[in-house]
Amino acid sequence: TLMEGRTPYASFLKGDGEMRRRILEFPWEDTELGSIENWPKSLLLTLDMVLSSKLPINLLWGEQFIILYNDAYIQMLGPRHPTILGMKCAEAWAEIWPVVFPQLRLIHTGAATWNTNALLEMKRKGYLEETYVTWSYSPIYIEGGTVGGVIALQFESTREVVGERRVRTLKEVSSQVACEDTVKRCCWAITQALSLNHWDFPFATIHLSDDNNMVMVSSAGLRPDHILNVHNWPFQTALQSLSREKCIIELDEDPSITLKCKTAIMFPIVFGEAAIGTVTLGLNSTIMYNDDYENFIDLIRMTIDTATRTAMTRQLEKTRVQQLKYLDNAKNIFFSNVSHEFRTPLTLILGCLDDAMADQLPATQKHRIEIVLKNSRKMLKLVNSLLEFARMEAGRWKIHLRNVNLSKMTLNLASVFNSAIAKAGIKYMMDIPHSVSLILMDQEVWEKIIFNLISNALKFTVSGTIKVSLRENDRDKVVRLQISDTGVGIREDQKSKIFEKFCHVEGIKPRGEDGTGIGLALTAELVKLVGGSIEVESVLGKGSVFTVTVPLISANSNFSPETSFGTTCRNEFVEEAMSWVNDHVVSPSPRQLLASRDDKEILFVESNSDMQHYVKELLQPTWKVAIAGDGIEALERIRVKIPDLIVTDMAMPRMSGLELIAKLRDDVATKTIPIIFLSAGTEEAKIEGLNAGASDFIVKPFSARELKARVSTHLEISSIQLNLENQVQNRCRQLLEAQENRRQEILEKKMTLLALEKSQSQYEILSKLSPVGIFCADSLGNTTYLNERWCEITGYSVHDAHEKGWMTGLADQDKEDLLPMWRQCLKGQPFSKSARYVHKAGSVVHVLVQTVVNSGMDSNAIIGTVTDVTVHQHLEESKLDLLRRAEQEQCERRMQSEKNKLTLERFIDNICHEIRNPLNGIFNNLDLLSESRKKYDDFVNTCFEEGNTVVKDRQSWNSQSDWECIDSVRMCANQQQVIADDVLHLSKLDAGRVTLNNRAFNMGNLMKKTLRNFSMEIAERGYHSSLSLPEGQVLAVGDPDRIGQALTNVIKTSLVSMRKSNSGKLSVMLTRLDTFQSAQKFQVVIQHNGTAMTSSVQAALFSRYTSNLKTYGEYGESGLGMYITKGLLDLMSGTIAVICNDDGETQFTITLELPLPDAEELISTTPEIQFHRSASFEANPPTVLIAEDNQINQNILRRFLDDLQVAYQIANNGVEALDQCESNPPDIIFMDMEMPIMDGLSATRMIRRREKDKKLTPAYIVGLSGNSGPEYVAQTREVGMNDYVTKPYSKDTIYRKLADFHLWRRHCVR
């Protein structure tokens, strides 16, 4: 109708949309464009096209570029809409006019322009905002052929541009700090990377903590001469904020910073459990500090944390390496100094001992001097080894190359050990040809390598062979020395440690005693010194092979010739080797022990051979002495014969003295043997030995008399005898069992071999009859056999497959997938893989390839099968397709079920609301009718009492029948409300949408209130009721509404079953069963007499529709109450049980465990506020707006407000309510939630928005609805309602809301 009577061109503006309406209503007469009726057709056509577009388009018309735009452009304008409509572009966009004007001016020449992601600093939200826009300007020609305007298509790309910029910054920071190994350099790299993004961070500084002072270590974005005022910066707050909180700092504008920066953000740099510094980043004031900005800063912070943590770890590791290097150097210097100091006294001792040996001495004395001389030489060898190792690690070992005949030299050096190895009963082999060339070698280094390796082989080889071989490899230009033995070998996990210094191989007993652990380490270093390498191959229990490889450097006349061999360290190694075989005490065998005399026997356990000789000579004249080299050997001897006393050292190889005594004390047969410890340990070692079960402890060095006295004493008190016969019998039985087991193993192997020979003959027959293709291949992967079935599957003959073997015909992709698996199969790893053969005829055959490694045929021979699974593959694909369809159908059914369920819930909610609306009218009209009837009865009675003849017959005014009608209607309404509530709760329980509103409440008050609701019914029926509560307040935390609902249902069920009882009794008892630290357990017992329940009724009592049962169905109940009660108690982790006896007494027991309230949650005992007309209320009475579409509910609220003489207005929907608030703003609004045209939630939302925009005093809004769920209450809070009332409501409820408003208004005034 607005366009009627205007020019035909105005019809182009017809249609929906906000901007169409605003353009039509705008006073264009006051602008350059003039009245809309006079606009040119080109403008109207273009404007209609712009308004119909869904893209943001801006139309600029005329010489002054008057602004018009469509609905999609509103979002880009922000708060400037709609004031910018009809303005000149130069005035509306003054801040960006210098940027866009040159391009607009160009449009008048007829040329179009465009820009991509151009920066425009717009002032849309009260500040200059960094904005990136992509736009296109196109000319609009008018009727005369000239340019009349510009059509601008614009898209804002700020989010994309800023996001890409920030991603680049994160990548730059990560790449810059990747290789930094100090914290300061890392901080410098971080600020340099951040300086590349001065748009997000105008400046960046990093401060590190140094003796409680903050020192700036790097910065970016500031002038070199700029000094930041950091005195007011919250450094301590940031350092203490290990919870990763950020501090915002307000800054003054600083011209030295690239962009305007009014605030900065500071956060700590955390390493471990402490903050080591802070990072301060300037924030760009032209970018809003929103979630995206904050998330970007969080990512920067995490990147900085990771980088600084890595740099700090590298810095600490670098410092630790330097410290370890310093300690290692100090250790080498210490070893060198100590070794030098040892040499002087050792030289004097050895000289004197050599002189003493030349004198004529008794044999006993001479033997003792020999022991001292031998151990002194051992000590000298140890000192020399320490000196050499210290010199090696300090880098002071100098190489002296000579022209050496390596064959002759190696043969002479290895021959030094001939006598020692022969005496040990070991076969000694030397494979050293004379053809090795004359090469350059350090003679001293080669001697030590030979001596260390051969002595090591002798030390760990008890029997078998030691072999020395030397070979020259002309092709590789190397010489290889191999020294192999058949000794104890080395465990696999110990091989990598064997060349480490001070390494002792665990669990291996060498000849003699343990060494220092530097022999092999020194050998490895010497080999490296001459440019060679050393390797070891070993099998535990079978021996070891040490291989030394040195470069073959031909002799040169510029170097000195070789000298005599083995002069530097020959004596030390040979004497030590001879001591292992000469001085080793051979203990008597078990057979000799059995034949020995029956006197006291002492077992001495010691690894040092000299100490063995000394103690044995000391004790041998008095007692029989047996020797064991360590704990394991001692245990073996004790198993043969239990000694009368054991003397043992604490520190020994393989098994120490403490481990030995632990095993002896755990065995009943050896538990009481006296044990004496010999050790050079401290007082702590003595206490440890005695606590372990030792009988005595003697500290080295000790006197001979002390040892004899203690041994004699302990032998005298020892009374343990050995049962040697039982030990021998047990050992013989073990040997017989082992022999029988061995015989069974040999028999099983023979049977296996026979079966294998038999199966070999059947193999070819089976392969011909096999339904699968079979192929065989050797260890090199060459196909050796293909059966006929393989040829049928692939279509190729054996002759066709002679090159590619069983892979002939495989699809290219499958062949690439199978080749790595085939290579692993050749190494012993079988596989199973699906593949495809391309049949010779062209068809595709799906197969399953499986292989096994058959070590019984050849070395790593392989047998494979090719099974045709083409049919199976097609069936599987069909099955998968059916499964996918079934899953899709099931998903669709599930979604439809959920949709139907939601629709049913909404339908039930609406039905309950529609039921409660008339119920509200029924209840409140009944209340009003009751009040009127009571007033009328009082009037009639007063007339009769005063003798008024108006009422002639008092009996005719008897109102008893009227009251009965009112009560009947009320009972029907109550029953209708119960049914509505049950149906609503049932739907919410089934949908899982029942929520708990837990809060502090008084359990006793809740019990009283619940029972009070039934007081009228109990009194009318003549029943007796009782309530028992604990003493004092019963406070708890829970949902009182749900608990009260459950109690109400149980009491209601009890009253139903009591209807046939003439003297009904109902008792309710609350008991506090137990109180825990933060919770308490309650029990509610509700007991009544009445109709007895059968067992079937009890079993189905908590099911749906219990009223269908015979006993309860006659009362007409809905049958949902107890089902709902059970569901609510399950939701609150409670229980309910029922017990019924034959006399009709029924007891319901409810158990609940509820938390204790905190001090802040204690329930207030302030009585409920009652409404009264105060003086302030009379002076400033409120105005009320009733927004209700139901006429009955309107009348009820009118009656309530008329009684209070309160002025009110009526609105039938939300739109009328908005108009009433606009024309005559009310103080209180009773707002129905469900109304036509506009509901209460939408109306409230718009009222609050209008109050905020116009800064009006807010109205007190009370929501009215038949829905009482928490979700509805939450919706009222979200839109801004002050309170919420569920229908049906009473007069007291409305009056209480007026009282709440009275208090609320007084609070607002204050």
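Provided above is the structure to which this section pertains.
Residues numbered from 1 in each chain as written. Predicted model: local features only at pLDDT ≥ 70, side-chain atom pairs only at ≥ 80, totals over all residues. Heavy atoms only, no water.

## Regarding a nonpolar patch on the surface
Taken together, the side chains of Leu-324, Tyr-326 and Leu-327 define a hydrophobic patch exposed on the protein surface, amounting to about 350 Å² of accessible area. Relative to the helices and strands, Tyr-326 is located in helix α9 (residues 291-358). (Patch = residues over 30% accessible without salt bridge, like charges linked within 9 Å, V, L, I, M, F, W, Y side chains within 5 Å. Areas by Shrake-Rupley, 256 points an atom, 1.4 Å probe, with all protein chains shown as cover. Salt bridge = Lys/Arg side-chain N within 4 Å of Asp/Glu carboxyl O. Helix = DSSP H or I, 4+ residues; strand = E, 2+ residues; numbered from the N terminus.)

## A closer look at the sheet that holds strand β20 (residues 624-628)
Pairing is parallel across the open sheet formed by 5 strands, whose spatial order is β20-β19-β21-β22-β23. Two strands in the sheet have a free side with no partner beyond their single neighbour: β20 and β23 (696-699). The sheet shows a mean angle of 20 degrees between the axes of neighbouring strands, taken without regard to direction. Note that strand β19 (residues 601-605) and β20 share 5 bridges and pair parallel. When the bridges of β20 are listed, Ile-602 appears paired with Val-625. Docked against the sheet, helix α17 (residues 609-619) engages β19 and β20, running at close to 165 degrees with respect to β20. Those strands touched by helix α21 (residues 704-716) are β19, β21 (645-649), β22 (675-679) and β23, and its axis lies near 175 degrees from that of β23. (Pairing = 2+ DSSP bridges. Axes fitted to C-alpha atoms, helices over the stretch in contact; angles between N-to-C directions. Contact = heavy atoms within 4.5 Å.)

## Side note on the pattern of salt bridges
Applying the stated criterion to the full structure yields 35 salt bridges. Between Glu-601 and Lys-624 there is a salt bridge, and its shortest N-O distance comes to 3.7 Å. Of the two residues, Glu-601 sits in strand β19 while Lys-624 sits in strand β20, which places them 23 residues apart along the sequence. Here Glu-1222 and Arg-1250 are joined by a salt bridge, their closest N and O atoms 2.6 Å apart. Of this pair, Glu-1222 sits in helix α35 (residues 1214-1223) while Arg-1250 is found in helix α36 (residues 1240-1254), placing the two residues 28 residues apart along the sequence. Given the relative accessible area of 40%, Glu-1222 is considered partly exposed. On the accessibility criterion, Arg-1250 (27% relative accessible area) is partly exposed. Among the ionic contacts, a cluster of salt bridges with common partners joins Glu-130, Arg-165, Arg-166 and Asp-200. (Buried < 20%, exposed > 50% of the residue type's maximum accessible area, 1.4 Å probe, protein only.)

## A word on the packing of aromatic side chains
Taken as a whole and judged by the stated rule, the model has 18 aromatic pairs. When the ring of Trp-790 is compared with that of Tyr-837, the centres are 6.4 Å apart and the planes differ by 90 degrees; the resulting orientation is edge-to-face. Placement of Trp-790 in helix α23 (residues 788-794) and of Tyr-837 in strand β26 (residues 832-838) is noted, with a sequence separation of 47 residues between them. Classification of Trp-790 by relative accessible area gives buried; the value is 0%. (Phe/Tyr/Trp six-rings, centres within 6.5 Å; stacked < 30°, edge-to-face > 60°.)

## Some details on the nonpolar core
Membership of the largest hydrophobic core comes to 49 residues, with the highest contact counts inside it found for Leu-406, Phe-417, Trp-446 and Ile-454. Counting residues per element, this core draws most heavily on helix α13 (residues 443-459), at 9 residues. Residues in contact with Ile-454, not counting those within four places in the same chain, are Ala-414, Phe-417, Ile-421, Tyr-428, Val-468 and Ile-483. By size, the runner-up hydrophobic cluster in this structure holds 46 residues, among which are Val-50, Leu-51, Ile-74 and Ala-152. (Core = buried A, V, L, I, M, F, W, Y, C linked by side-chain atoms within 4.5 Å.)

## Quick look at the sheet that holds strand β38 (residues 1228-1232)
Sheet architecture is open: 5 strands sit in the order β37-β36-β38-β39-β40, paired in parallel fashion. Pairing within the sheet leaves two strands with one partner each, and these edge strands are β37 (1207-1211) and β40 (1283-1286). Averaged over all pairs of adjacent strands, the angle between their axes in this sheet comes to 20 degrees, without regard to strand direction. Pairing of β38 with strand β39 (residues 1260-1265) involves 5 bridges; the strand directions are parallel. If you follow Ile-1228 over to β39, its bridge partner there is Tyr-1260. Relative to the sheet, α36 contacts β38 and β39, its axis offset from that of β38 by approximately 150 degrees.

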